[in-house]
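Understanding the architecture of this molecule
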Amino acid sequence: MAVETISSRVSDQSPSNIINVKEIALAMRNGVVVAVIMVVLALIFDNIIGSIVAAVQVEEHFTATVAWALTTLLPFGAYVAVGGAVRHLAQQQTFQAIFTAISAMLIVFVVVIALQFVQGVGAFGDSPSLQFTLSDVENGARIDALVPGGTADEAGLQVGDVITAIRRDPVTRSDLLSRISQSGIGDPLRLRYIRDGEEMQTTVRVAADSSLNPNAIIVQFMIATFVTIVAIFWPGHWTPYVLLVLLLTPILVGYAWLIIATISNRTHGLLPVDGEGNFGGFTLNNWRFVFDPPTGFNANIWELTLNTFIVAAVMTFLVLLVSSMAGYALSRMHFAGRKIFLSFTLILHGFPAVTLLISIFFVLRIIGTVPIIGDLFGFNTLGGVALVMVAFQLPLGVWLMKGFFDNVPWDMERSALIDGASRWRVYWEIILPQIRPGLLALGIFAFISGWSAYLIPATYTVGTGTSTLAVFLRAFSDEMSPVGRNAVAAVGLFQLIPVMIFFIFAQEYLLNIYAGGSKGSS
(Lines give C-alpha, C1' and ligand atoms only; values in the text may rest on other atoms or scores of the structure.)
Protein backbone atom coordinates (compact mmCIF):
# COMPACT_ATOMS: atom_id res chain seq x y z
CA MET A 1 0.00 0.00 0.00
CA ALA A 2 2.82 2.42 0.86
CA VAL A 3 4.61 1.52 -2.37
CA GLU A 4 1.46 2.31 -4.36
CA THR A 5 1.07 5.69 -2.60
CA ILE A 6 4.68 6.65 -3.29
CA SER A 7 4.44 5.54 -6.89
CA SER A 8 1.23 7.54 -7.36
CA ARG A 9 2.90 10.70 -5.99
CA VAL A 10 5.86 10.17 -8.28
CA SER A 11 3.56 9.69 -11.25
CA ASP A 12 1.66 12.89 -10.32
CA GLN A 13 4.90 14.85 -10.46
CA SER A 14 6.15 13.24 -13.70
CA PRO A 15 7.20 15.57 -16.53
CA SER A 16 4.07 14.78 -18.52
CA ASN A 17 1.91 16.09 -15.69
CA ILE A 18 4.14 19.04 -14.75
CA ILE A 19 4.45 20.38 -18.29
CA ASN A 20 0.94 21.42 -19.24
CA VAL A 21 1.26 23.13 -22.61
CA LYS A 22 -2.38 24.22 -22.59
CA GLU A 23 -2.06 25.99 -19.23
CA ILE A 24 1.25 27.58 -20.26
CA ALA A 25 -0.33 28.88 -23.47
CA LEU A 26 -3.34 30.24 -21.54
CA ALA A 27 -1.14 32.05 -18.99
CA MET A 28 1.11 33.40 -21.73
CA ARG A 29 -1.92 34.61 -23.69
CA ASN A 30 -3.29 36.49 -20.68
CA GLY A 31 0.05 38.17 -20.03
CA VAL A 32 0.54 39.20 -23.65
CA VAL A 33 -3.06 40.49 -23.93
CA VAL A 34 -2.65 42.65 -20.83
CA ALA A 35 0.68 43.97 -22.13
CA VAL A 36 -0.80 44.79 -25.55
CA ILE A 37 -3.80 46.56 -23.99
CA MET A 38 -1.52 48.69 -21.81
CA VAL A 39 0.73 49.52 -24.79
CA VAL A 40 -2.30 50.56 -26.86
CA LEU A 41 -3.64 52.75 -24.04
CA ALA A 42 -0.21 54.33 -23.55
CA LEU A 43 0.01 55.11 -27.30
CA ILE A 44 -3.53 56.55 -27.28
CA PHE A 45 -2.78 58.86 -24.37
CA ASP A 46 0.71 59.86 -25.52
CA ASN A 47 0.26 60.18 -29.29
CA ILE A 48 -3.44 60.72 -29.99
CA ILE A 49 -4.89 62.53 -26.96
CA GLY A 50 -1.58 64.28 -26.28
CA SER A 51 -1.41 65.53 -29.90
CA ILE A 52 -5.00 66.80 -29.74
CA VAL A 53 -4.29 68.70 -26.51
CA ALA A 54 -1.05 70.11 -27.95
CA ALA A 55 -2.91 71.24 -31.07
CA VAL A 56 -5.13 73.56 -29.04
CA GLN A 57 -2.02 74.93 -27.30
CA VAL A 58 -3.00 73.83 -23.80
CA GLU A 59 -0.12 73.01 -21.52
CA GLU A 60 -0.85 69.91 -19.46
CA HIS A 61 1.05 66.89 -18.18
CA PHE A 62 -1.82 64.47 -17.49
CA THR A 63 -1.66 62.56 -20.77
CA ALA A 64 2.13 62.15 -20.62
CA THR A 65 1.92 61.06 -16.97
CA VAL A 66 -0.77 58.45 -17.72
CA ALA A 67 1.26 57.14 -20.68
CA TRP A 68 4.38 56.91 -18.51
CA ALA A 69 2.44 55.13 -15.72
CA LEU A 70 0.97 52.61 -18.18
CA THR A 71 4.39 51.93 -19.69
CA THR A 72 5.98 51.54 -16.25
CA LEU A 73 3.26 49.25 -14.91
CA LEU A 74 3.05 47.21 -18.14
CA PRO A 75 5.46 44.43 -17.05
CA PHE A 76 3.82 44.10 -13.63
CA GLY A 77 0.35 43.86 -15.17
CA ALA A 78 1.54 41.15 -17.55
CA TYR A 79 3.20 39.11 -14.80
CA VAL A 80 0.15 39.40 -12.54
CA ALA A 81 -2.03 38.18 -15.42
CA VAL A 82 0.30 35.19 -15.91
CA GLY A 83 0.21 34.25 -12.24
CA GLY A 84 -3.54 34.76 -11.98
CA ALA A 85 -4.18 32.42 -14.91
CA VAL A 86 -2.86 29.38 -12.96
CA ARG A 87 -4.39 30.15 -9.56
CA HIS A 88 -6.85 27.28 -10.00
CA LEU A 89 -3.91 24.82 -10.06
CA ALA A 90 -2.23 26.12 -6.89
CA GLN A 91 -4.51 24.40 -4.37
CA GLN A 92 -4.02 20.84 -5.68
CA GLN A 93 -0.84 20.93 -7.79
CA THR A 94 1.37 23.63 -6.34
CA PHE A 95 4.56 22.66 -8.13
CA GLN A 96 2.81 22.39 -11.47
CA ALA A 97 1.21 25.82 -10.96
CA ILE A 98 4.62 27.41 -10.21
CA PHE A 99 6.33 25.64 -13.12
CA THR A 100 3.53 26.60 -15.54
CA ALA A 101 3.54 30.25 -14.40
CA ILE A 102 7.34 30.56 -14.57
CA SER A 103 7.39 29.00 -18.05
CA ALA A 104 4.77 31.43 -19.33
CA MET A 105 6.47 34.29 -17.49
CA LEU A 106 9.75 33.60 -19.29
CA ILE A 107 8.05 34.02 -22.66
CA VAL A 108 6.26 37.18 -21.55
CA PHE A 109 9.53 38.45 -20.04
CA VAL A 110 11.23 38.06 -23.43
CA VAL A 111 8.36 40.00 -25.05
CA VAL A 112 8.68 42.78 -22.44
CA ILE A 113 12.45 43.01 -22.92
CA ALA A 114 11.91 43.16 -26.70
CA LEU A 115 9.44 46.02 -26.24
CA GLN A 116 11.96 47.85 -24.04
CA PHE A 117 14.60 47.37 -26.74
CA VAL A 118 12.29 48.79 -29.42
CA GLN A 119 11.26 51.76 -27.27
CA GLY A 120 14.74 52.35 -25.85
CA VAL A 121 13.63 52.19 -22.23
CA GLY A 122 14.43 50.03 -19.21
CA ALA A 123 17.72 48.19 -19.57
CA PHE A 124 18.15 49.75 -23.03
CA GLY A 125 17.31 53.32 -22.00
CA ASP A 126 19.69 56.22 -21.70
CA SER A 127 21.12 56.63 -18.22
CA PRO A 128 22.99 59.68 -16.90
CA SER A 129 26.77 59.25 -16.85
CA LEU A 130 30.01 61.19 -16.79
CA GLN A 131 31.64 58.41 -18.83
CA PHE A 132 34.40 57.43 -16.44
CA THR A 133 35.19 54.63 -13.99
CA LEU A 134 35.78 55.40 -10.32
CA SER A 135 37.26 53.74 -7.26
CA ASP A 136 37.14 54.69 -3.58
CA VAL A 137 40.06 56.52 -2.00
CA GLU A 138 40.41 58.13 1.39
CA ASN A 139 39.50 61.70 0.40
CA GLY A 140 37.07 61.08 -2.48
CA ALA A 141 36.78 59.06 -5.71
CA ARG A 142 39.71 58.36 -8.06
CA ILE A 143 39.24 58.20 -11.81
CA ASP A 144 40.52 54.81 -13.04
CA ALA A 145 39.41 55.02 -16.68
CA LEU A 146 37.89 57.51 -19.12
CA VAL A 147 35.84 57.04 -22.26
CA PRO A 148 37.92 58.65 -25.04
CA GLY A 149 36.10 61.71 -26.32
CA GLY A 150 33.53 61.40 -23.53
CA THR A 151 32.13 64.23 -21.48
CA ALA A 152 34.70 63.82 -18.68
CA ASP A 153 37.55 63.63 -21.20
CA GLU A 154 36.34 66.80 -22.93
CA ALA A 155 36.13 68.59 -19.56
CA GLY A 156 39.86 67.99 -19.01
CA LEU A 157 39.73 65.25 -16.41
CA GLN A 158 42.49 62.64 -16.47
CA VAL A 159 43.07 59.15 -15.13
CA GLY A 160 44.41 59.42 -11.56
CA ASP A 161 42.51 62.60 -10.69
CA VAL A 162 40.79 62.40 -7.30
CA ILE A 163 37.35 64.03 -7.17
CA THR A 164 36.86 65.45 -3.69
CA ALA A 165 33.69 67.56 -3.90
CA ILE A 166 30.77 68.80 -5.98
CA ARG A 167 31.04 72.56 -5.59
CA ARG A 168 31.86 72.76 -1.85
CA ASP A 169 30.12 69.55 -0.76
CA PRO A 170 32.60 66.70 -0.05
CA VAL A 171 31.74 63.45 -1.82
CA THR A 172 32.68 59.79 -1.80
CA ARG A 173 32.40 57.44 -4.77
CA SER A 174 28.87 56.38 -3.77
CA ASP A 175 27.82 60.01 -3.23
CA LEU A 176 29.12 61.03 -6.64
CA LEU A 177 27.44 58.13 -8.44
CA SER A 178 24.17 58.87 -6.63
CA ARG A 179 24.35 62.54 -7.62
CA ILE A 180 25.01 61.60 -11.25
CA SER A 181 22.09 59.16 -11.34
CA GLN A 182 19.76 61.87 -10.00
CA SER A 183 20.85 64.42 -12.60
CA GLY A 184 19.25 65.00 -15.96
CA ILE A 185 20.96 64.64 -19.30
CA GLY A 186 22.89 67.85 -19.98
CA ASP A 187 22.93 69.07 -16.37
CA PRO A 188 26.26 70.65 -15.33
CA LEU A 189 28.21 69.36 -12.33
CA ARG A 190 30.96 71.53 -10.85
CA LEU A 191 33.65 69.09 -9.69
CA ARG A 192 36.60 69.79 -7.40
CA TYR A 193 39.51 67.39 -7.91
CA ILE A 194 43.15 67.00 -6.94
CA ARG A 195 45.88 66.46 -9.56
CA ASP A 196 49.50 66.18 -8.53
CA GLY A 197 48.71 67.69 -5.13
CA GLU A 198 47.00 70.76 -6.60
CA GLU A 199 43.25 71.37 -6.17
CA MET A 200 41.43 72.25 -9.38
CA GLN A 201 37.85 72.72 -10.61
CA THR A 202 35.98 71.94 -13.81
CA THR A 203 32.40 71.72 -15.02
CA VAL A 204 31.28 68.44 -16.54
CA ARG A 205 27.92 68.00 -18.26
CA VAL A 206 26.01 64.81 -17.65
CA ALA A 207 25.88 62.70 -20.81
CA ALA A 208 23.56 59.91 -21.93
CA ASP A 209 24.92 56.38 -21.63
CA SER A 210 22.98 54.13 -24.00
CA SER A 211 24.92 50.95 -23.36
CA LEU A 212 23.11 47.77 -22.30
CA ASN A 213 22.72 47.40 -18.55
CA PRO A 214 22.78 43.65 -17.79
CA ASN A 215 22.21 44.25 -14.08
CA ALA A 216 18.90 45.89 -14.92
CA ILE A 217 17.80 42.80 -16.86
CA ILE A 218 18.73 40.54 -13.93
CA VAL A 219 16.82 42.74 -11.49
CA GLN A 220 13.79 42.79 -13.82
CA PHE A 221 13.87 39.00 -14.06
CA MET A 222 13.97 38.64 -10.27
CA ILE A 223 11.07 41.06 -9.91
CA ALA A 224 9.12 39.24 -12.63
CA THR A 225 9.59 35.91 -10.88
CA PHE A 226 8.59 37.34 -7.51
CA VAL A 227 5.48 39.11 -8.86
CA THR A 228 4.38 36.00 -10.78
CA ILE A 229 4.69 33.69 -7.77
CA VAL A 230 2.95 36.18 -5.48
CA ALA A 231 0.09 36.47 -8.00
CA ILE A 232 -0.43 32.70 -7.84
CA PHE A 233 -0.99 32.59 -4.09
CA TRP A 234 -2.29 36.12 -3.49
CA PRO A 235 -5.58 36.10 -1.53
CA GLY A 236 -8.06 37.78 -3.85
CA HIS A 237 -10.06 39.40 -1.03
CA TRP A 238 -6.96 41.39 -0.02
CA THR A 239 -6.76 43.24 -3.33
CA PRO A 240 -9.37 45.99 -2.65
CA TYR A 241 -7.81 46.77 0.72
CA VAL A 242 -4.28 46.91 -0.66
CA LEU A 243 -5.38 49.19 -3.50
CA LEU A 244 -7.20 51.39 -0.99
CA VAL A 245 -4.08 51.64 1.18
CA LEU A 246 -1.90 52.47 -1.83
CA LEU A 247 -4.31 55.18 -2.99
CA LEU A 248 -4.61 56.65 0.50
CA THR A 249 -0.88 56.53 1.29
CA PRO A 250 -0.07 59.99 -0.21
CA ILE A 251 -2.94 61.54 1.77
CA LEU A 252 -1.92 59.78 5.00
CA VAL A 253 1.70 60.84 4.50
CA GLY A 254 0.52 64.42 3.99
CA TYR A 255 -1.44 64.39 7.25
CA ALA A 256 1.49 62.77 9.05
CA TRP A 257 3.82 65.53 7.81
CA LEU A 258 1.28 68.18 8.85
CA ILE A 259 1.17 66.88 12.42
CA ILE A 260 4.94 66.39 12.70
CA ALA A 261 5.69 69.83 11.24
CA THR A 262 3.51 71.59 13.82
CA ILE A 263 5.64 70.30 16.71
CA SER A 264 9.12 70.72 15.21
CA ASN A 265 11.43 73.49 14.05
CA ARG A 266 12.34 71.84 10.75
CA THR A 267 11.60 68.64 8.90
CA HIS A 268 13.50 66.52 6.41
CA GLY A 269 10.64 64.63 4.84
CA LEU A 270 8.77 63.12 7.80
CA LEU A 271 11.80 63.36 10.09
CA PRO A 272 11.92 66.28 12.58
CA VAL A 273 15.41 67.75 12.84
CA ASP A 274 17.13 70.47 14.82
CA GLY A 275 19.23 73.34 13.54
CA GLU A 276 22.23 71.05 12.94
CA GLY A 277 20.23 68.52 10.94
CA ASN A 278 20.08 65.89 13.71
CA PHE A 279 16.90 64.16 14.81
CA GLY A 280 14.94 66.25 17.29
CA GLY A 281 14.09 69.92 17.34
CA PHE A 282 10.66 69.39 18.92
CA THR A 283 8.94 72.61 19.97
CA LEU A 284 5.54 74.14 20.64
CA ASN A 285 6.55 77.60 19.42
CA ASN A 286 4.54 77.03 16.25
CA TRP A 287 1.39 77.13 18.38
CA ARG A 288 2.12 80.49 19.99
CA PHE A 289 -0.52 82.07 17.73
CA VAL A 290 -3.13 80.52 20.07
CA PHE A 291 -2.08 82.99 22.80
CA ASP A 292 -0.37 85.85 20.94
CA PRO A 293 -0.88 87.30 17.44
CA PRO A 294 1.83 86.06 15.04
CA THR A 295 4.69 88.39 14.16
CA GLY A 296 3.61 90.85 11.52
CA PHE A 297 -0.12 90.20 12.03
CA ASN A 298 -2.64 91.97 14.23
CA ALA A 299 -5.27 89.24 13.97
CA ASN A 300 -6.47 87.39 17.04
CA ILE A 301 -6.93 83.73 16.18
CA TRP A 302 -9.95 83.36 18.47
CA GLU A 303 -11.69 86.34 16.88
CA LEU A 304 -11.08 84.81 13.46
CA THR A 305 -12.38 81.46 14.73
CA LEU A 306 -15.52 83.14 16.04
CA ASN A 307 -16.05 84.89 12.69
CA THR A 308 -15.65 81.60 10.88
CA PHE A 309 -18.07 79.87 13.23
CA ILE A 310 -20.68 82.63 12.80
CA VAL A 311 -20.49 82.39 9.00
CA ALA A 312 -20.71 78.57 9.06
CA ALA A 313 -23.51 78.50 11.66
CA VAL A 314 -25.67 81.15 9.92
CA MET A 315 -25.12 79.44 6.61
CA THR A 316 -26.09 76.05 8.05
CA PHE A 317 -29.27 77.39 9.68
CA LEU A 318 -30.50 79.23 6.57
CA VAL A 319 -29.62 76.39 4.20
CA LEU A 320 -31.49 73.84 6.35
CA LEU A 321 -34.51 76.09 6.84
CA VAL A 322 -34.98 77.20 3.24
CA SER A 323 -33.92 73.90 1.65
CA SER A 324 -36.26 71.80 3.80
CA MET A 325 -39.25 74.07 3.18
CA ALA A 326 -38.59 74.38 -0.55
CA GLY A 327 -37.83 70.67 -0.88
CA TYR A 328 -41.11 69.77 0.89
CA ALA A 329 -43.14 72.08 -1.35
CA LEU A 330 -41.51 70.76 -4.52
CA SER A 331 -41.96 67.14 -3.42
CA ARG A 332 -45.51 67.25 -2.03
CA MET A 333 -47.27 70.11 -3.80
CA HIS A 334 -48.08 70.58 -7.47
CA PHE A 335 -48.22 74.18 -8.64
CA ALA A 336 -47.67 76.15 -11.82
CA GLY A 337 -44.01 76.54 -12.75
CA ARG A 338 -42.82 73.68 -10.51
CA LYS A 339 -40.80 71.92 -13.22
CA ILE A 340 -39.40 75.20 -14.54
CA PHE A 341 -38.31 76.14 -11.01
CA LEU A 342 -36.53 72.80 -10.60
CA SER A 343 -34.77 73.26 -13.94
CA PHE A 344 -33.61 76.76 -13.08
CA THR A 345 -32.37 75.49 -9.72
CA LEU A 346 -30.05 73.08 -11.52
CA ILE A 347 -28.88 75.85 -13.84
CA LEU A 348 -28.07 78.08 -10.86
CA HIS A 349 -26.09 75.24 -9.28
CA GLY A 350 -24.03 75.01 -12.47
CA PHE A 351 -22.81 78.63 -12.24
CA PRO A 352 -19.28 78.83 -10.75
CA ALA A 353 -19.00 81.38 -7.98
CA VAL A 354 -16.16 83.21 -9.73
CA THR A 355 -18.43 84.23 -12.66
CA LEU A 356 -20.78 86.13 -10.33
CA LEU A 357 -18.28 87.87 -8.02
CA ILE A 358 -18.62 91.34 -9.57
CA SER A 359 -22.42 91.32 -9.76
CA ILE A 360 -22.72 90.06 -6.18
CA PHE A 361 -20.37 92.84 -5.07
CA PHE A 362 -22.77 95.48 -6.41
CA VAL A 363 -25.73 93.69 -4.82
CA LEU A 364 -24.01 93.72 -1.41
CA ARG A 365 -23.11 97.39 -1.83
CA ILE A 366 -26.76 98.20 -2.51
CA ILE A 367 -27.91 96.13 0.48
CA GLY A 368 -25.39 98.01 2.59
CA THR A 369 -27.24 101.28 1.96
CA VAL A 370 -30.45 99.93 3.55
CA PRO A 371 -30.77 101.01 7.21
CA ILE A 372 -30.28 98.27 9.82
CA ILE A 373 -30.32 95.48 7.21
CA GLY A 374 -27.20 96.90 5.56
CA ASP A 375 -25.28 96.70 8.82
CA LEU A 376 -26.05 92.98 9.05
CA PHE A 377 -25.97 91.76 5.45
CA GLY A 378 -24.09 94.39 3.43
CA PHE A 379 -20.56 94.42 2.05
CA ASN A 380 -17.80 93.63 4.57
CA THR A 381 -20.19 91.98 7.03
CA LEU A 382 -20.28 88.38 8.22
CA GLY A 383 -24.00 88.25 7.44
CA GLY A 384 -23.33 89.33 3.86
CA VAL A 385 -20.72 86.61 3.41
CA ALA A 386 -23.08 84.01 4.88
CA LEU A 387 -25.95 85.23 2.66
CA VAL A 388 -23.87 84.84 -0.50
CA MET A 389 -22.70 81.38 0.50
CA VAL A 390 -26.28 80.35 1.30
CA ALA A 391 -27.33 81.44 -2.19
CA PHE A 392 -24.69 79.20 -3.76
CA GLN A 393 -25.52 76.28 -1.45
CA LEU A 394 -29.32 76.40 -1.81
CA PRO A 395 -29.68 74.72 -5.24
CA LEU A 396 -27.85 71.64 -3.98
CA GLY A 397 -29.72 71.73 -0.67
CA VAL A 398 -33.15 72.02 -2.30
CA TRP A 399 -32.54 69.08 -4.61
CA LEU A 400 -31.15 66.94 -1.78
CA MET A 401 -34.12 67.70 0.48
CA LYS A 402 -36.55 66.98 -2.35
CA GLY A 403 -34.90 63.59 -2.80
CA PHE A 404 -35.29 62.76 0.88
CA PHE A 405 -38.93 63.93 0.94
CA ASP A 406 -39.68 61.84 -2.16
CA ASN A 407 -38.59 58.71 -0.28
CA VAL A 408 -41.00 59.30 2.63
CA PRO A 409 -44.28 57.37 2.07
CA TRP A 410 -47.54 59.31 1.75
CA ASP A 411 -49.49 57.16 4.24
CA MET A 412 -48.62 59.04 7.43
CA GLU A 413 -49.08 62.40 5.76
CA ARG A 414 -52.52 61.50 4.38
CA SER A 415 -53.63 60.20 7.76
CA ALA A 416 -52.55 63.43 9.45
CA LEU A 417 -54.29 65.60 6.85
CA ILE A 418 -57.51 63.55 7.19
CA ASP A 419 -57.34 64.00 10.98
CA GLY A 420 -57.31 67.78 10.45
CA ALA A 421 -53.62 68.64 10.78
CA SER A 422 -52.43 71.66 8.82
CA ARG A 423 -49.73 71.52 6.18
CA TRP A 424 -47.30 73.27 8.49
CA ARG A 425 -47.96 70.81 11.33
CA VAL A 426 -47.57 67.85 8.97
CA TYR A 427 -44.29 69.29 7.71
CA TRP A 428 -42.89 70.17 11.12
CA GLU A 429 -44.08 67.32 13.36
CA ILE A 430 -44.47 64.34 11.01
CA ILE A 431 -42.32 64.64 7.89
CA LEU A 432 -39.20 66.38 9.23
CA PRO A 433 -38.50 63.68 11.87
CA GLN A 434 -38.58 61.09 9.08
CA ILE A 435 -35.74 62.77 7.18
CA ARG A 436 -33.54 63.47 10.19
CA PRO A 437 -30.54 61.70 8.61
CA GLY A 438 -30.85 63.92 5.53
CA LEU A 439 -31.06 67.08 7.64
CA LEU A 440 -27.99 66.09 9.60
CA ALA A 441 -26.09 65.22 6.43
CA LEU A 442 -26.96 68.50 4.70
CA GLY A 443 -26.28 70.49 7.87
CA ILE A 444 -22.83 68.96 8.34
CA PHE A 445 -22.02 69.42 4.66
CA ALA A 446 -23.10 73.08 4.79
CA PHE A 447 -21.16 73.74 8.01
CA ILE A 448 -17.96 72.25 6.64
CA SER A 449 -18.37 74.22 3.40
CA GLY A 450 -18.82 77.44 5.35
CA TRP A 451 -15.95 76.67 7.73
CA SER A 452 -13.40 76.07 4.98
CA ALA A 453 -14.65 78.62 2.39
CA TYR A 454 -12.05 81.06 1.08
CA LEU A 455 -13.17 82.73 -2.16
CA ILE A 456 -16.35 84.44 -0.89
CA PRO A 457 -14.94 85.66 2.46
CA ALA A 458 -11.74 86.89 0.78
CA THR A 459 -13.71 88.81 -1.85
CA TYR A 460 -16.36 90.46 0.31
CA THR A 461 -14.48 91.24 3.54
CA VAL A 462 -11.86 93.87 4.28
CA GLY A 463 -9.65 93.86 7.37
CA THR A 464 -9.39 91.38 10.21
CA GLY A 465 -12.66 92.36 11.89
CA THR A 466 -14.69 90.30 9.43
CA SER A 467 -11.97 87.95 8.19
CA THR A 468 -12.14 84.16 8.58
CA LEU A 469 -9.57 81.45 9.26
CA ALA A 470 -9.21 80.51 5.59
CA VAL A 471 -8.45 84.10 4.60
CA PHE A 472 -5.97 84.48 7.45
CA LEU A 473 -4.26 81.21 6.54
CA ARG A 474 -3.83 82.38 2.96
CA ALA A 475 -2.22 85.64 4.14
CA PHE A 476 -0.16 83.70 6.69
CA SER A 477 1.28 81.45 3.97
CA ASP A 478 2.02 84.26 1.51
CA GLU A 479 5.52 84.45 0.03
CA MET A 480 6.16 87.75 1.82
CA SER A 481 4.93 86.45 5.19
CA PRO A 482 7.64 86.54 7.91
CA VAL A 483 6.86 83.04 9.22
CA GLY A 484 8.10 79.54 8.55
CA ARG A 485 6.26 76.68 6.91
CA ASN A 486 5.93 74.83 10.21
CA ALA A 487 4.00 77.72 11.74
CA VAL A 488 1.73 77.76 8.69
CA ALA A 489 1.17 74.03 9.17
CA ALA A 490 0.13 74.65 12.78
CA VAL A 491 -2.49 77.21 11.71
CA GLY A 492 -3.71 74.85 9.01
CA LEU A 493 -4.07 72.01 11.52
CA PHE A 494 -5.90 74.37 13.90
CA GLN A 495 -8.44 75.12 11.17
CA LEU A 496 -8.68 71.44 10.26
CA ILE A 497 -9.49 70.14 13.76
CA PRO A 498 -13.27 70.90 13.68
CA VAL A 499 -13.54 69.43 10.18
CA MET A 500 -11.79 66.24 11.31
CA ILE A 501 -14.13 65.96 14.30
CA PHE A 502 -17.16 66.34 12.03
CA PHE A 503 -15.93 63.68 9.63
CA ILE A 504 -15.07 61.23 12.42
CA PHE A 505 -18.44 61.43 14.17
CA ALA A 506 -20.73 62.25 11.26
CA GLN A 507 -19.40 60.32 8.27
CA GLU A 508 -22.44 57.99 8.32
CA TYR A 509 -24.79 60.93 7.83
CA LEU A 510 -22.59 62.47 5.14
CA LEU A 511 -22.89 59.27 3.10
CA ASN A 512 -26.66 59.80 3.01
CA ILE A 513 -26.08 62.71 0.63
CA TYR A 514 -24.70 60.35 -2.00
CA ALA A 515 -27.31 57.67 -1.28
CA GLY A 516 -30.09 59.98 -2.51
CA GLY A 517 -32.13 59.86 0.71
CA SER A 518 -33.32 57.11 3.02
CA LYS A 519 -36.76 55.92 3.95
CA GLY A 520 -37.75 56.28 7.58
CA SER A 521 -35.70 57.57 10.48
CA SER A 522 -32.59 56.19 12.06
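Here the structure is shown first, and the text comes after it.
Summary of the structure given here. (Residues numbered from 1 in each chain as written. Predicted model: local features only at pLDDT ≥ 70, side-chain atom pairs only at ≥ 80, totals over all residues. Heavy atoms only, no water.)

Remarks on the overall build of the protein chain
- The number of helices and strands found in the protein chain is 21 helices and 10 strands.
- What you see for the protein chain is a C-alpha radius of gyration of 34 Å, clearly larger than the 24 Å of a compact globule of 522 residues, by over 25%.
- Reported as C-alpha extents along the three principal axes, the dimensions of the protein chain are approximately 95 × 80 × 55 Å.
- Here the contacts in the protein chain between residues at least 6 apart in sequence split such that 66% fall between residues at least 24 apart.
- A total accessible area of about 30100 Å² is found for the protein chain, and carbon and sulfur atoms account for 66% of it.
- Where the 27 positive side-chain charges of the protein chain centre and where its 33 negative ones centre are 11 Å apart. (Helix = DSSP H or I, 4+ residues; strand = E, 2+ residues; numbered from the N terminus. Rg over C-alpha atoms; globule rule 2.2 N^0.38 Å. Contact = heavy atoms within 4.5 Å. Areas by Shrake-Rupley, 256 points an atom, 1.4 Å probe, with all protein chains shown as cover. Lys, Arg positive; Asp, Glu negative; His and termini not counted. Charge placed at Lys NZ, Arg CZ, Asp CG, Glu CD.)

Re the packing of aromatic side chains
- Scanning all chains against the criterion turns up 16 aromatic pairs.
- Between the aromatic rings of Phe-289 and Phe-494, the centroid separation amounts to 5.7 Å while the plane-to-plane angle is 90°, which identifies the pairing as edge-to-face. Residue Phe-289 is found in the loop between strand S10 (271-273) and helix H11 (301-332), and its partner Phe-494 is found in helix H21 (residues 485-515); the two are separated by 205 residues along the sequence.
- The buried category is assigned to Phe-289, whose relative accessible area is 6%.
- Aromatic pair Trp-424 and Trp-428: ring centres 5.8 Å apart, planes at 10°, arrangement stacked. Taken together, the residues span about one helical turn, with Trp-424 and Trp-428 both in helix H17 (residues 423-434) at a distance of four residues.
- Cluster of aromatic residues (ring-pair linked, three or more members): Tyr-328, Phe-405, Trp-424, Tyr-427 and Trp-428.
- Between Arg-332 and the ring centre of Trp-410, over which it is positioned, the NZ or CZ distance is 4.6 Å. (Phe/Tyr/Trp six-rings, centres within 6.5 Å; stacked < 30°, edge-to-face > 60°. Buried < 20%, exposed > 50% of the residue type's maximum accessible area, 1.4 Å probe, protein only. Lys NZ or Arg CZ within 6 Å of the ring centre and 35° of its normal.)

Observations regarding the pattern of salt bridges
- Following the criterion strictly, the structure yields seven salt bridges and no others.
- The residue Glu-199 makes a salt bridge to Arg-192 at a minimum N-O spacing of 3.7 Å.
- One salt bridge in this structure joins Arg-425 and Glu-429, with 3.1 Å as the shortest N-O distance. Taken together, the positions of Arg-425 and Glu-429, both in helix H17 and four residues apart, correspond to about one turn of that helix.
- Through salt bridges with shared partners, a single ionic network connects Arg-332, Glu-413 and Arg-423. (Salt bridge = Lys/Arg side-chain N within 4 Å of Asp/Glu carboxyl O.)

A closer look at H17
- Here H17 is 12 residues long and its end C-alpha atoms lie 16 Å apart, about the 16 Å a rise of 1.5 Å per residue gives.
- If you check which residues of H17 are buried, you get Val-426, Tyr-427, Ile-431, Leu-432 and Gln-434. Seen along its axis, H17 keeps its buried residues to an arc of 140°; they face one direction.
- The elements touched by buried residues of H17 are H11, helix H15 (382-406), helix H16 (411-418) and helix H18 (436-452). (Expected span 1.5 Å × (residues − 1). Arc of directions from axis to C-beta.)

Concerning a nonpolar patch on the surface
- Judged by side-chain polarity, Val-33, Val-36, Ile-37, Val-40, Leu-41, Ile-44, Ile-48, Ile-49 and Ile-52 come together as a nonpolar surface patch covering roughly 710 Å² of accessible area.
- Mapping Ile-52 onto the fold places it in helix H3 (residues 21-55).
- Classification of Ile-52 by relative accessible area gives exposed; the value is 54%. (Patch = residues over 30% accessible without salt bridge, like charges linked within 9 Å, V, L, I, M, F, W, Y side chains within 5 Å.)

Regarding helix H10 (residues 239-262)
- Under the 1.5 Å per step criterion, the end-to-end length of H10 is 35 Å for 24 residues, consistent within 8% with the ideal 34 Å.
- The largest bend in H10 is about 45°, located at Thr-249, with the proline Pro-250 one to four residues further on. (Bend = angle between axes of the 7 residues up to and from the residue.)

In short, shape yes, function no, at least from these values alone.
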